[in-house]
Structures are given as structure tokens and as C-alpha cells.
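# Residue-level structure breakdown
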Amino acid sequence: MLRHLMAVLAMILLTTPAIAQEAENAPPAGIDRSATGGAQTLEDILRRQQNQKIDDRFRSQNIGGDASTVPELGPLGGASDADLWRALRYGKADITTSTRNETGKVLVQDGGMWWLEIRRGPLVKYGGWLLLGTIAVLAVFYLLRGRVRVEGGMSGRTITRFRFIERMAHWLLAGSFILLGLTGLLSLLGRMFIAPYLGREVNATLLQASKFIHNNVAWAFMIGLVAVFLMWIWHNIPNRLDLVWFRHAGGIIGNTHPPAKKFNAGQKIVFWSVVLLGGSISLSGLSLLFPFELPLFAKTFAILNDLGLPGWFGADPLPVQMSPQEEMQYAQLWHAIVAFGLMAVIIAHIYIGTLGMEGAFDAMKDGEVDEAWAHQHHSIWLEEEKARAKAPPKSARTAAE
Amino acid sequence: MNAILAGLVAMIGIGIGAWLILDEAGFSSQEVYSGPNVRLEQPAD
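Owing to the predicted nature of the structure, the values given are computational and were not obtained by experimental measurement.

Next up on the list: the overall build of chain B. Across its full length, chain B holds two helices and zero strands. The proportion of buried residues among the 45 residues of chain B is 16%.

Within the secondary structure, A:R120 is located in helix α5 (residues 113-120). On a C-alpha basis, the gap between A:R120 and A:L189 in space is 8.4 Å, while along the polypeptide they are 69 residues apart.

Another point: the packing of helix α9 (residues 200-232) of chain A against helix α11 (residues 265-289) of chain A. Residues and elements named next belong to chain A. Two elements in contact, α9 and α11, have axes separated by 10 Å at closest approach and are oriented at 145 degrees. For α9 against α11, the interelement crossing comes out left-handed. Of the residues in α11, those in contact with N215, A218, M222, L225, F229 and W232 of α9 are F271, V275, G278, G279, S282, G285 and L289. The class makeup of the residues in the contact of α9 with α11 is eight nonpolar, five polar and no charged.

Time to look at the packing of α9(A) against helix α1 (residues 2-25) of chain B. One way to put it is that α9(A) packs onto α1(B) with a least axis distance of 7 Å and a crossing angle of 125 degrees. For the element pair α9(A) / α1(B), the angle class is oblique. Considering how the two elements wind past one another, α9(A) and α1(B) form a crossing that is right-handed. Contacts from A:N216, A:V217, A:W219, A:A220 and A:I223 of α9(A) reach α1(B) at B:A10, B:M11, B:I14, B:G15, B:A18 and B:W19. Here the residues of the contact of α9(A) with α1(B) are counted per class, giving nine nonpolar, two polar and no charged.

Bringing the nonpolar core into the picture now. Residues and elements named next belong to chain A. Formed by 40 residues in total, the largest nonpolar core has its most connected members in L172, L173, V217, A218, A220, F221 and A339. In terms of residue count, helix α7 (residues 164-193) provides more of this core than any other element does, 12 residues in total. Apart from the residues within four sequence positions on either side, A339 is in contact with G184 and I281. Within the second largest apolar cluster, 12 residues are counted, among which are V150, A265, W373 and L382.

With that out of the way, let us pick up the confidence of the model for chain B. Confidence along chain B averages 82 in pLDDT terms, with 71% of residues attaining 70 or more. Scoring the predicted complex yields pTM 0.81 and, for the interface, ipTM 0.83.

So, about the interface of chain A and chain B. The interface is formed by 21 residues belonging to chain A together with 16 residues belonging to chain B. Where the side of chain A that touches chain B is concerned, the elements lending two or more residues are α7 and α9 of chain A. Considering each element in turn, the side of chain A that touches chain B owes the most residues, eight residues, to α7(A).

Turning to α9(A), a few remarks are in order. With 33 residues, α9(A) should cover 48 Å at 1.5 Å per step; its first-to-last C-alpha distance of 45 Å lies within 8% of that length. The largest bend along α9(A) reaches roughly 30 degrees and is located at A:V217.

Checked against the element boundaries, A:D55 lands in the loop between α2 (42-49) and α3 (57-60). In sequence terms A:D55 and A:Q40 are 15 residues apart; their C-alpha atoms lie 9.7 Å from each other.

This next bit is on the environment of A:E117. Following the sequence through the fold, A:E117 ends up in helix α5. Look at A:E117 and you get exposed, because 12 C-beta atoms sit within 10 Å.

Here chain A shows a mean pLDDT of 86. Residues at 70 or above account for 86%. Segment residues 5-23 of chain A: pLDDT under 50, and six contacts once partners within four positions in sequence are set aside and those in other chains are kept.

Definitions and cut-offs
Residues numbered from 1 in each chain as written. Chains lettered and ligands numbered in written order. Predicted model: local features only at pLDDT ≥ 70, side-chain atom pairs only at ≥ 80, totals over all residues. Helix = DSSP H or I, 4+ residues; strand = E, 2+ residues; numbered from the N terminus. Buried ≥ 20, exposed ≤ 12 C-beta atoms within 10 Å, placed from the backbone. Axes fitted to C-alpha atoms, helices over the stretch in contact; angles between N-to-C directions. Left-handed = near helix turned anticlockwise from the far one by under 90°. Contact = placed C-beta atoms within 7 Å. Nonpolar A, V, L, I, M, F, W, Y, C, P; charged D, E, K, R; others polar. Parallel < 35°, antiparallel > 145°, perpendicular 65-115°, else oblique. Core = buried A, V, L, I, M, F, W, Y, C linked by C-beta atoms within 7 Å. pLDDT = per-residue confidence, 0-100. Expected span 1.5 Å × (residues − 1). Bend = angle between axes of the 7 residues up to and from the residue.

As C-alpha cells, then:
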């Protein structure tokens, strides 16, 4: 009971600053704009400079009208030039264009600066630190723990762990993800870290090659993702054994090696990370690959707003009215953020599959693993495979019956 | 080791196949969002 009380208390304490900050950031109601004739005031300008919200209805709703509502402009058509430009900016003008898509009707798009600031600021900063931090943590872990060895040495007897088709699908997925990760990083970071040192021409060439590879190899990644999902989903359903695995930290810390079937809980985490994060990256990637054709975010945000999710964190409802360009900005950010997360997971996966664990790479190299390795890391799977090998073939059993 | 090579060859094959199909389908933004009335380049004199 006390524990629950403390949890509720902690939640209140943690959310209070967020709510207070939100209240501070909220636009003030009822600003007196008589001094500026209804236009923006010094207070609006100061708030904007401090990255605080302003109530811009004085601007967004001031788009003129017809001759009856604005009689003084009647002979001129009911709207001044300034009214027209405001209507264009806020997507309220009645536009007719000869282009074949909605994008062409957005003549003024001022929603891109926040995206650019995040893309070249926090995204690069935190994404970069996530990758470097993951590598640093693994390096420290390796220095402290060393390689996970097979206790008692290898037996010399091997057992087939992955069939050819499984390994091929794995390497299709792995190879394409590494290429996509590298070309994605070049696209994001080239202007900052390559152009100043190697020149814009070199950077431009790298970007063109990166874009070409990224757009086309993406399909190999998606096919590999579907193949791996279909082949391994049944082995990755969580079960009670996973709790035992977690209790012993997978045998990586200490010397107790918990029993496991074909995939242990750690591998299941990697599997579901790849499936869920990789699936999300694929969706946002398709949205980017076919610009403006597959908008994802306005609808998603509407669903999240209906669920009340932003309110849980004391935030305003998410935007549900956005131009096609803003949809693409959200898609790009989401694509990159989730990709950084998956890259961190995969770096850890590569570590444990090569340097971190003796005998692990054999499973994906030629599919054969030593029985001592299998006994140490996947004891139940080893027993099941041995029992299956000893059992008479199905045709023999049918004939005997 | 053969599976690694097969996976990488499949990746290259799928990538080239995607390029050929998408190029044939005219998927690029330039082809989708422009027409004869959009003059992207100076006409040859």
C-alpha cells in the first residue's frame, strides 16, 4: 500500500513541473492590442523571441471577408493584399492551381523552421551521443566482463542451429540495415561533418550516392524484415522462461546460465525491436519514398488526442491540421529518431554476436554450433533437437501403425 | 559463409530490381510533381 502511495506521489511530483512549465508557456488570454490597431504587440515579439507560444488568432483569423462583412473594402473585393497574404500563410485562401496534388496549393509554408532546428540540433546531438554512448558502454562492459566463454571448452560435436534460408534472410536484413544506417547517417550529418572538411562537391557526390542506395536498398530491408518475422515469430513469443533468463541477467553477468529454447529473452528483445522499430522505420520510409502520397501523422495524432495521451504528460493536443510538407517533416524526424534507436540495439546485437560471446557467430556463419555452446546458452532447445533426432522418422511411424 | 554471400547478393539484386521497376514506373518526385508546363531546365536554342 505504501509502495503504491509513493508511486502516486512520485508521479504528482514529476508531472507538476511539466504542468507549471506548460502554464508558463501558454499564450496569455486577452492581450490589449488597441495600441497597434489589432496587430502584434511588443509582448508578442518578446514571447516569440523566448520561444514561448503566442495567440496568433489576431493574425490567422484576420483574412478579410466578402463585401457585406467588410463594407469598407467592398469595391476592392472584400480583402486587402495583407488579408490575402495572411490567408495564404494560414492555408485559408481559396486556391486553384494547375498541379495535380494538394502540395501545389500550399503557396506559403512557414512550418518548417522548427523541423530544421530539431534536425540539425537535438536530433544530431542526442542521436550521435546515443550511438557513441552505446559503443562506450559496450567497451567498458567488455573490459570488465571480457568475452563470455564456453565453460569447459568446446565439445567438438556440432548441431545445426539455423538453416540456409534463415541465415540468408538474416544477412539480407543485416546487410541492408548496415547500408541504410550508414547512408542515412551520411544524409543527416554530411553537411555538418563532411562538407566543411572535404568540400561541398565531395559531400554532394556522397549524398547523391547515399540517396540512391537508401531508396533502393530499403526494399531489400523490408523483404528481409518480413522473411525474418515469418520464420522466427513462433520462437519469439514471450514465456515464463524469459523471467528466469532476466533473473540471471542472461548468464552474461555471473556464471549461472539460465535455460532457454531456440531464442532466449535477450534475443527476443532484439527480435521485437527489429520487428517493431524496423516496421515503423519502414512505414515512415515509405511515406518519405513516395512524398505526400502516404501521410501518416495527422491521423495518428488525432487518434492519440482522442485517447488523451498528450494530456497524461501535461502537453497540449498534438497538431491534426498540417500541410503536406509538415507531414513529411514529421515523417523524416520519426524515421531518424526510431532509426537511431534501432541502430543502438543493433550495435549491441553485433557486439554480443561477435566479440562478446565465444561461438555465437558460428550460428550465423555456417549454421552449425558446438553442442557445449548450445548446452550453455540454449539447453532446452538442444534437448528438443536431440530428442527429435532420436525419434524415428514420421514415415517409419506411419508404416509401423 | 555461403549464406552471407547469398544474403548480400540478394540485397544487391533486390536493390537493382527496385531501381529498375521504380524508374520505369516514374516514381521520382520530379516526374510525379512536374509536367510540361513546369520548366525545370532552359530549353535548347
